[in-house]
Amino acid sequence: MVLKIARPDLNVTLLDGHKKRFLFLEQLQNELGLYCENVHRRAEEAKELRERFYLATARAVARLNILCEYCLPFVMVGGLFVAMKGSDISEVDEAEHAIKTLGGQLADIKNLKLSDGSERNLIIIKKISQTPLKYPRISAKISKQPL
C-alpha cells in the first residue's frame, strides 16, 4: 500500500489471507481515492497469480527462506522480489537454498539508515527461472520444513 500511496500511477495488487487486514486495506484505498486489485486469499491458494508480477514485496512476517517461498512464485522471470529486513542479514545465507530452488538469485543488499538511527536492509532477489509448480506448499509444511 505504501508503494501505491507514493506512486499512484503504479498497478498494484494486494494479496492478504486475513479478512480484518483485507477489509482495512480496502477501506484505506477508498478513503485515499486509490485503486488496487485486492485478492483475499492465502498466497499458496492464489495459483492464478503465478509469475504475473515484475515486483513482489512483503512485510517482515517471516524469515527470508519462508518469505521467498511465499513471494517468488508470483514474480515473472526477469522480475524482482524485495524483502525488507532488519540490520542482521545472517538469514540471507540461510535462504540461499530456497532462493535457488524457487528460481531466484541474490542480486543486491541495500543498507538503509533510518532517521532514528536504526538500520534496515533491502534484500533484492532477481527471478532467473520459473518456480517449480509444487511451490508454494501449504503453510503448515512451509513452517515445519522450510527450504
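See the structure printed just above.
Analysis parameters
- Residues numbered from 1 in each chain as written.
- Predicted model: local features only at pLDDT ≥ 70, side-chain atom pairs only at ≥ 80, totals over all residues.
- Heavy atoms only, no water.
- Core = buried A, V, L, I, M, F, W, Y, C linked by side-chain atoms within 4.5 Å.
- Buried < 20%, exposed > 50% of the residue type's maximum accessible area, 1.4 Å probe, protein only.
- Helix = DSSP H or I, 4+ residues; strand = E, 2+ residues; numbered from the N terminus.
- Contact = heavy atoms within 4.5 Å.
- Expected span 1.5 Å × (residues − 1).
- Salt bridge = Lys/Arg side-chain N within 4 Å of Asp/Glu carboxyl O.

1. So, the nonpolar core
Next up, step 1: Judged by nonpolar contacts, the single largest core of 27 residues is most densely connected at Leu64, Cys68, Phe81, Leu102 and Ile125.
Next up, step 2: Listed by contribution, the elements that provide at least two residues to this core are β3 (53-58), α3 (64-71), β4 (75-85), α5 (96-101) and β6 (119-127).
Next up, step 3: In terms of residue count, the dominant contributor to this core is α3 (6 residues).
Next up, step 4: Sequence-distant contacts of Cys68, that is, excluding residues within four places in its chain, are made with Pro73, Phe81, Ile99, Leu102 and Ile125.

2. What to know about α3
Next up, step 1: Across the 8 residues that make up α3, a large majority, 8, are buried.
Next up, step 2: Every buried residue of α3 is accounted for by Leu64, Asn65, Ile66, Leu67, Cys68, Glu69, Tyr70 and Cys71.
Next up, step 3: On its buried side, α3 packs onto β3, β4, α4 (91-94), α5, β6 and α6 (139-144).

3. Describing helix α2 (residues 19-32)
Next up, step 1: Its 14 residues give α2 an end-to-end C-alpha distance of 20 Å, which sits within 8% of 20 Å, the value for a rise of 1.5 Å per residue.
Next up, step 2: Its buried side turned inward, α2 meets β1 (13-16) and β2 (37-40).

4. Focus on unusual backbone geometry
Next up, step 1: Of note, the bond from Tyr135 into Pro136 is cis; its omega dihedral lies within 30 degrees of zero at 0°.
Next up, step 2: As for its placement among the helices and strands, Pro136 is situated in the loop between β6 and α6.
Next up, step 3: For Glu51, which is not a glycine, the phi torsion comes out positive at approximately 50°.
Next up, step 4: Within the fold, Glu51 resides in the loop between β2 and β3.

5. Focus on the pattern of salt bridges
Next up, step 1: Summed over all chains, the structure comprises 12 salt bridges.
Next up, step 2: Two residues, Arg63 and Glu91, come together in a salt bridge whose shortest N-O distance is 3.9 Å. Here Glu91 lies in helix α4 and Arg63 lies in the loop between β3 and α3, a separation of 28 residues in the sequence.
Next up, step 3: Taking the relative accessible area as the measure of exposure, Arg63 reaches 39% and is therefore partly exposed.
Next up, step 4: Between Lys113 and Glu119 there is a salt bridge, with its nearest N and O atoms 2.9 Å apart.
Next up, step 5: A relative accessible area of 59% places Lys113 in the exposed class.
Next up, step 6: Residue class for Glu119 comes out partly exposed when judged on its relative accessible area of 27%.
Next up, step 7: Overlapping salt bridges, with partners in common, bring together Arg63, Lys85, Glu91 and Glu94 in one network.

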